[in-house]
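In case you want the letters, here they are:
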Amino acid sequence: MYLRSFFGEIHEPSPCATCSDENVLDFEVRMAFQPILDAGTREIYAYEALVRGADGEGAGAVIGRVRENQMYRFDQTCRVKAIDTAARLGMQQRLSINFIPNAVYNPATCIRLTLEAAKRCGFDSSKLIFEVTETEKIRNTAHVVNIIRDYQHRGFLTAIDDFGSGYAGLSLLAEFQPDVVKLDMGLIRGIDQDRVRQAITGGILSTCAALGCRVLAEGVETAGEYHQLRSMGVGLFQGYLFARPEIESLPTVPASLWDAIESAA
């Protein structure tokens, strides 16, 4: 599945029976990491792995090169690359990985490669978080729910990414309750100045509290957004206000930055 030049000594695992050698990726992927912060403890709750190209190209450019028949291999490549890079960097926190639900044929078979990668690299698989994005049109909701429940049964944390921006919305949340709901940046942008966004976000927070889901605000860029969301009860944060993604590196958030954010009017 993975080109040897991508990963050095990482050998090519066996794909699902539906995958053929014609589907190999003809380009390299790298991983950037962005911290997810717990505002209550000021500690890094997790790092999200974000795909990048060989020369640092963004996720959109990379995904744009993936053909339909390569989706399975791309999904698995990103998982293994994220775990391999995180282990090499000595990550001790949770690792959040995006997965493509339409690329997963059988949860038990596809997760095997992920577990093998974690075991080979010495990364604690209990620290994995799997994010399903709401922005991708889900072809089979029942299949996605089956995947998530399989992952939850195995003890993995799960998350809905980009909540409030895509196709599934509350209907997906009704089908399964993830550990974390990530508010889309479009919903929280300028929320400190927007009563409508405050009202919508407040409703989501109430729903998530009733369901036992933690809420994460992603794409936070200003101290005003942070303070508004914090006052509403959001505890997990991610965004440029704290740290930008860094390729093959684990950004930290110094206490001095936290002090500056907290003291900002």
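Right above here is the structure, for reference.
Calculation criteria
- Residues numbered from 1 in each chain as written.
- Predicted model: local features only at pLDDT ≥ 70, side-chain atom pairs only at ≥ 80, totals over all residues.
- Heavy atoms only, no water.
- Phe/Tyr/Trp six-rings, centres within 6.5 Å; stacked < 30°, edge-to-face > 60°.
- Helix = DSSP H or I, 4+ residues; strand = E, 2+ residues; numbered from the N terminus.
- Lys NZ or Arg CZ within 6 Å of the ring centre and 35° of its normal.
- 1 Å grid on protein atoms, 1.4 Å probe; cavity = no way out; pocket = protein on both sides within 12 Å on 5 of 7 lines; lining within 4 Å.
- Points joined across faces, edges and corners; volume = space filled by probe spheres on them.
- Core = buried A, V, L, I, M, F, W, Y, C linked by side-chain atoms within 4.5 Å.
- Buried < 20%, exposed > 50% of the residue type's maximum accessible area, 1.4 Å probe, protein only.
- Contact = heavy atoms within 4.5 Å.
- Polar contact = N/O pair within 3.5 Å; in protein donor to acceptor, adjacent residues only side chain to side chain.

Engineer: Explanation requested: the packing of aromatic side chains in the structure shown.
Structural biologist: Each aromatic ring pair is described using two quantities: the centre-to-centre distance and the angle formed by the ring planes. Within the structure shown, the criterion is met by 10 aromatic pairs. Measuring from centroid to centroid gives 5.9 Å for Y226 and F242, while their planes differ by 75 degrees, and the two rings are edge-to-face. Here Y226, found in helix α9 (residues 223-231), pairs with F242, found in the loop between β8 (236-238) and β9 (246-247); they are 16 residues apart in sequence, far enough to count as distant. Chaining the aromatic ring pairs together yields one cluster made of F99, F130, Y151 and F156. Across from the ring centre of Y45, 5.4 Å away, lies the NZ or CZ of R214, which sits over that ring. Lying across the ring of Y240, R244 places its NZ or CZ 3.9 Å from the centre.

Engineer: How do you make sense of empty space enclosed by the protein when you look at a structure like this?
Structural biologist: It is the rolling of a water-molecule-sized probe over the atoms that shows where space remains empty. Counted according to the given criterion, the structure contains one cavity of 30 Å³ or more. Around the largest cavity, the lining residues are I36, Y45, S96, I129, E131, A159, V180, K182 and L216. When residues of the lining of the largest cavity are traced back to their parent elements, those giving at least two are β4 (128-133) and β6 (180-183).

Engineer: Looking at this structure, how should I read the nonpolar core?
Structural biologist: The nonpolar side chains of soluble globular proteins are, as a tendency, buried together. F74, L95, V220, Y226, F237 and F242 are the most contacted members of the largest nonpolar core, which totals 64 residues. Counting residues per element, this core draws most heavily on helix α3 (residues 71-88), which supplies six residues. Those residues in contact with F237 that sit more than four places away from it in its chain are P35, I36, L37, A39, L216, A217, V220, Y226, L229, R230 and F242. Y45, A46, V180 and L216 belong to the second largest nonpolar core, which has eight residues in total.

Engineer: Can you walk me through the side chain of S96 in this structure?
Structural biologist: Turning to its location among the elements, S96 is positioned in strand β3 (residues 94-99). Using a relative accessible area of 2% as the deciding quantity, one classes S96 as buried. Within the structure, the side chain of S96 is placed 2.4 Å from the side chain of E131, a separation counted as a polar contact. Apart from residues no more than four positions distant in its own chain, S96 is found in contact with Y47, E48, A49, I129 and E131.

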